[in-house]
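Observations on the model geometry
Residues per chain are reported as follows:
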Amino acid sequence: MKQRTPVVVNILIIIGLLIVFYYLFVQSYSFLGSPYFWGTVVIAGILAYIHSSIGDLIENNRFKKLSPEEKAAYLAEKKIPFFKRMYAAAFKKQSETEEKDILIDHGFDGIMELDNQLPKWWVGLFYFGTAFCIVYIAAYAFTDFAHPLSEYEKEYKEQLASIEEYQKTQPPVTIETAKYSADNISEGKELFKTNCASCHKEDGSGGIGPNLTDNFWINQPEKTLFKNVFHMDWNGSPTNPAMRAFGKNGEVSGAEIEKIAAYVYHINQEQPPVTPAQGGAAPQGTEAHWEKE
């Protein structure tokens, strides 16, 4: 007569499976605080105890029918701890006598084949994997679980919300607090393309507007180039209405102007100017003598 799995082990397995299945459908661990989940656990635990009690009755009835030798062997095996018994069963090796009983009557090159049963741990993993696949496919088919587009959309919205929350709690960037950072150049380039390229071209070499890569500037209200670009982008040009006050008008934020200024500083100070011979606009204004940042 086979030994039965302790009810506590069965309950732990049930709880583990419930956590896996709930997560597949809820897609977060928020269910751990839900009374519905713990209600399911309690009901499953009660059912497990009922099942165990019925098993005890059946086991006692079968035990009475065993011979004295079978009873002694059964009681001796029952004294062995459950996990030790499971380990021994999973990695059990047959004796020579047992091998003769399961020897298959054919072979090749002197090698004989045994009719071995699959290891219990392997069979258990196979059944668990099969059940998991069924539940996983059901979750994938009927919920948003594991859908890359849905996950991307969710994470994208969360990032936008976190950015919005960050902007609410952080003070706005002003000309006094703005600082040049090379980390802002790439984002500043994209913002420049959107807001400034129609007049200054994407590389800042000028067209309708002046060339931003040379050292000649029409307006020089600030002492440093970075602050000067911020000032012009925020307040606009007093001599040219086409260069409007993007910041004051609310078209771009102070943080965005900080990045645009970083890009203009980069193409003006860290790259060679685009000359008229290379397609750049002719110098306008007077030569600037900027202070170092």
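Residues numbered from 1 in each chain as written. Predicted model: local features only at pLDDT ≥ 70, side-chain atom pairs only at ≥ 80, totals over all residues. Heavy atoms only, no water.

1. Observations concerning the packing of helix 1 (residues 7-26) against helix 2 (residues 35-64)
- Packing of helix 1 against helix 2 brings their axes to within 10 Å, and their N-to-C directions diverge by 150°. When the axes of helix 1 and helix 2 are compared, the pair comes out roughly antiparallel. Viewed along their axes, helix 1 and helix 2 form a crossing whose handedness is right-handed. When helix 1 is examined against helix 2, the residues Val7, Ile11, Ile14, Ile15, Leu18, Ile19 and Tyr22 are found in contact with a partner set consisting of Tyr36, Phe37, Thr40, Val41, Ala44, Gly45, Ala48, Tyr49 and Ser52.
- Considered class by class, the residues forming the contact of helix 1 with helix 2 number 13 nonpolar, three polar and no charged. (Axes fitted to C-alpha atoms, helices over the stretch in contact; angles between N-to-C directions. Helix = DSSP H or I, 4+ residues; strand = E, 2+ residues; numbered from the N terminus. Parallel < 35°, antiparallel > 145°, perpendicular 65-115°, else oblique. Left-handed = near helix turned anticlockwise from the far one by under 90°. Contact = heavy atoms within 4.5 Å. Nonpolar A, V, L, I, M, F, W, Y, C, P; charged D, E, K, R; others polar.)

2. Re a negative patch on the surface
- On the surface, Asp144, Glu151, Glu155 and Glu158 cluster together into a patch of negative charge.
- Taking the relative accessible area as the measure of exposure, glutamate 158 reaches 45% and is therefore partly exposed. (Patch = residues over 30% accessible without salt bridge, like charges linked within 9 Å, V, L, I, M, F, W, Y side chains within 5 Å. Areas by Shrake-Rupley, 256 points an atom, 1.4 Å probe, with all protein chains shown as cover. Salt bridge = Lys/Arg side-chain N within 4 Å of Asp/Glu carboxyl O. Lys, Arg positive; Asp, Glu negative; His and termini not counted. Charge placed at Lys NZ, Arg CZ, Asp CG, Glu CD. Buried < 20%, exposed > 50% of the residue type's maximum accessible area, 1.4 Å probe, protein only.)

3. A word on helix 1
- For helix 1, which comprises 20 residues, the first-to-last C-alpha distance of 28 Å matches the rise-based estimate of 28 Å (1.5 Å per residue) to within 8%.
- Three or more residues of helix 1 are buried, namely Val7, Val9, Ile11, Leu18 and Leu24.
- Check the buried side of helix 1 and you find it contacts helix 2, helix 4 (82-90) and helix 6 (120-142).
- One or two positions beyond helix 1, positive phi appears at glutamine 27, with a value near 70°. (Expected span 1.5 Å × (residues − 1).)

4. A look at the environment of glutamate 176
- Along the chain, glutamate 176 turns up in the loop between helix 7 (148-169) and helix 8 (185-195).
- Distance in space between the C-alpha atoms of glutamate 176 and lysine 227 is 8.5 Å, their sequence separation being 51 residues.

5. Details of the nonpolar core
- The biggest cluster of nonpolar side chains holds 24 residues, and the ones touching the most others in it are Phe192, Trp217, Leu225, Phe226, Val229, Ile260 and Val264.
- Elements that contribute at least two residues to this core include exactly helix 8, helix 10 (225-235) and helix 11 (254-269).
- Of the residues forming this core, the biggest block, eight residues, is contributed by helix 11.
- Sequence-distant contacts of phenylalanine 226, defined by excluding residues within four places in its chain, comprise Ala178, Lys179, Tyr180, Glu258, Ala261, Ala262, Tyr265 and Glu293.
- Residues Leu18, Phe31, Val41 and Ala44 belong to the second largest nonpolar core, which totals five residues. (Core = buried A, V, L, I, M, F, W, Y, C linked by side-chain atoms within 4.5 Å.)

6. Some words on the domain arrangement of the protein chain
- When the domains of the protein chain are assigned, the result is domain 1 (1-81) and domain 2 (182-287).
- Centre-to-centre, using C-alpha coordinates, domain 1 lies 73 Å away from domain 2. (Domains from an automatic or database assignment.)

7. With respect to the packing of aromatic side chains
- According to the stated counting rule, one finds 18 aromatic pairs in the structure shown.
- Ring plane angle 35° and centroid distance 5.9 Å describe the contact between phenylalanine 132 and tyrosine 136, whose orientation is recorded as tilted. Of this pair, phenylalanine 132 and tyrosine 136 both sit in helix 6, four residues apart, roughly one helical turn.
- Geometrically, the ring pair formed by phenylalanine 192 and tyrosine 263 is tilted, given 5.2 Å between the ring centres and 55° between the ring planes. Taken as a pair, phenylalanine 192 in helix 8 and tyrosine 263 in helix 11 lie far apart in primary sequence, 71 residues in all.
- Judged by its relative accessible area of 1%, phenylalanine 192 falls in the buried class.
- Cluster of aromatic residues (ring-pair linked, three or more members): Tyr22, Tyr23, Tyr29, Phe31, Phe37 and Trp38. (Phe/Tyr/Trp six-rings, centres within 6.5 Å; stacked < 30°, edge-to-face > 60°.)

8. Concerning the UniProt feature "domain: Cytochrome c" (unreviewed entry) in the protein chain
- The positions that UniProt labels "domain: Cytochrome c" (unreviewed entry) are, in the present scheme, residues 183-268.
- Between the end C-alpha atoms of residues 183-268 there is a gap of 16 Å, over a span that is 48% helix and 2% strand. (UniProt positions renumbered as here; feature names shortened; annotations may be inferred.)

9. Remarks on a nonpolar patch on the surface
- Taken together, the side chains of Tyr87, Phe91, Leu118, Trp121, Trp122, Leu125, Phe126 and Tyr127 define a hydrophobic patch exposed on the protein surface, amounting to about 980 Å² of accessible area.
- Top contributing element to the nonpolar patch by residue count: helix 6, with five residues.
- Turning to its location among the elements, tyrosine 87 is positioned in helix 4.
- Assessed through its relative accessible area of 58%, tyrosine 87 is described here as exposed.

10. Overview of the pattern of salt bridges
- Inspection of every chain in the model, using the stated rule, returns five salt bridges.
- With its nearest N and O atoms 3.7 Å apart, the salt bridge here joins lysine 193 to glutamate 190. With lysine 193 and glutamate 190 both in helix 8, this residue pair falls three residues apart, about one helical turn.
- The shortest N-O distance in the salt bridge between glutamate 251 and arginine 244 comes to 2.9 Å.
- Given the relative accessible area of 38%, arginine 244 is considered partly exposed.
- Counted as one network, the salt bridges with shared partners bring together Arg4, Asp56 and Glu59.

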